[in-house]
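Here are the chains, one letter per residue:
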Amino acid sequence: GDSVTQMEGPVTLSEEAFLTINCTYTATGYPSLFWYVQYPGEGLQLLLKATKADDKGSNKGFEATYRKETTSFHLEKGSVQVSDSAVYFCALSGKAAGNKLTFGGGTRVLVKP
Amino acid sequence: NAGVTQTPKFQVLKTGQSMTLQCAQDMNHNSMYWYRQDPGMGLRLIYYSASEGTTDKGEVPNGYNVSRLNKREFSLRLESAAPSQTSVYFCASSEASRDTDTQYFGPGTRLTVL
């Protein structure tokens with residue numbers, strides 16, 4: 001079945017540091033890929049998505065590129081802020097499965113001033 | 001727009017008790033979902049409803065039932081709670097059930113079963 005693997009945290013960074021969170025997936029065909037973010041005490045919200053190979057999703061300074069050849073969707077941000085402290089989830093939605101999301105385990109990011 | 005709302009926010013149950021988690025959305029979405037979140041496991045789909053009048057099992061449906069009351073509301077029922085059901089429960093909705101559709105999540109219900 002479909003699965004998503006992302007790096008375990010926590011990831012601790014200083015403000016203005018570069019952030020990368022690795023995400024790889026296993027799925028039949030070409031799924032849609034998502035990054036969701038969960039701020040403390042809140043539900044998940046969409047950060048960015050890509051629906052076909054080589055697409056780049058971007059939002060709030062974050063970027064991720066859909067790499068079919070490496071089955072990856074790594075999240076990057078060039079200069080993090082304290083307000084980026086959150087848990088980040090990589091997820092996929094297989095075309096045969098409709099909109100049922102399969103999530104990775106989540107990566108907690110802590111940005112220190 | 002309130003988006004997706006869930007009640008209650010917190011609940012403590014004893015083993016064997018029953019309860020219903022309520023979810024409502026005001027975005028006129030067709031599809032709704034229930035997930036549970038456990039440490040290190042991400043979110044796992046319990047049940048979903050692709051459209052009003054339909055429901056289907058997700059990855060972890062055992063011990064749960066759902067009702068799609070109308071287009072706005074989708075409830076999750078625990079008939080006989082067990083400690084293994086201690087978790088944070090999230091409801092979500094999307095415009096449709098296409099794989100490209102964004103899901104919008106509620107704030108969650110933290111459930112503890114003693």
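Conventions adopted
Residues numbered from 1 in each chain as written. Chains lettered and ligands numbered in written order. Predicted model: local features only at pLDDT ≥ 70, side-chain atom pairs only at ≥ 80, totals over all residues. Heavy atoms only, no water. Disulfide = S-S within 2.5 Å. Helix = DSSP H or I, 4+ residues; strand = E, 2+ residues; numbered from the N terminus. Pairing = 2+ DSSP bridges. Contact = heavy atoms within 4.5 Å. Buried area = accessible area lost by both parts, 1.4 Å probe. Salt bridge = Lys/Arg side-chain N within 4 Å of Asp/Glu carboxyl O. Polar contact = N/O pair within 3.5 Å; in protein donor to acceptor, adjacent residues only side chain to side chain. Nonpolar A, V, L, I, M, F, W, Y, C, P; charged D, E, K, R; others polar. Buried < 20%, exposed > 50% of the residue type's maximum accessible area, 1.4 Å probe, protein only.

### With respect to the state of the cysteines
All names here are of chain A. Summed over the entire model, instances satisfying the criterion amount to 2 disulfides over all chains. At a sulfur-sulfur separation of 1.9 Å, the disulfide partner of C23 is C90. Measuring the twist about the S-S bond at about -70°, one finds the C23-C90 disulfide to be left-handed. On the criterion of sequence distance, the pair formed by C23 in strand β4 (residues 23–26) and C90 in strand β10 (residues 86–93) is long-range, its members being 67 residues apart.

### Describing the pairing of strand β8 (residues 62–65) of chain A
All names here are of chain A. Strand direction decides the pairing type here: strand β7 (residues 56–59) and β8, joined by 4 bridges, are antiparallel. Pairing of S58 across the sheet is with E63, part of β8. Linking β7 back to β8 in an antiparallel pair, the connection comprises 2 residues, with K60 at a positive phi of about 55°. Pairing geometry for β8 and strand β9 (residues 75–77), over 3 bridges, is antiparallel. Across the sheet, residue E63 finds its bridge partner in β9, namely E76.

### A closer look at the environment of A:F18
Residues and elements named next belong to chain A. Tracing the chain through its elements places F18 in the loop between β2 (11–14) and β3 (19–21). Between the alpha carbons of F18 and F34 there is a distance of 20 Å; along the sequence they are 16 residues apart. When near neighbours in sequence (up to four residues on either side) are disregarded, F18 contacts L13, E76, K77 and G78.

### Regarding the interface of chain A and chain B
Each partner contributes residues to the interface: chain A has 21 residues there, and chain B has 22 residues. The junction of chain A with chain B conceals about 1600 Å² of combined surface from both sides, 52% of it contributed by carbon and sulfur atoms. Counting every contact that joins chain A to chain B gives 0 salt bridges. Counting across the interface, chain A meets chain B through 5 residue pairs in polar contact (both at pLDDT 80 or more). Listing elements by their share of the side of chain A that touches chain B, those giving two or more residues are β5 (32–38), β6 (44–50), β10 and β11 (101–103) of chain A. A per-element tally of the side of chain A that touches chain B places β5(A) first, with 4 residues. Grouping the amino acids of the side of chain A that touches chain B by side-chain chemistry returns 7 nonpolar, 10 polar and 4 charged.

### Looking at the pattern of salt bridges
Following the criterion strictly, the structure yields 8 salt bridges over all chains and no others. Residue A:D84 is joined to A:K77 by a salt bridge in which the shortest nitrogen-to-oxygen separation is 2.8 Å. Like A:D84, the residue A:K77 is buried in the burial classification. With a closest N to O distance of 3.1 Å, B:E79 and B:R77 form a salt bridge. Relative accessible area serves as the criterion here: at 43%, B:E79 is assigned to the partly exposed category.

Coordinates in, geometry out; function isn't part of it.
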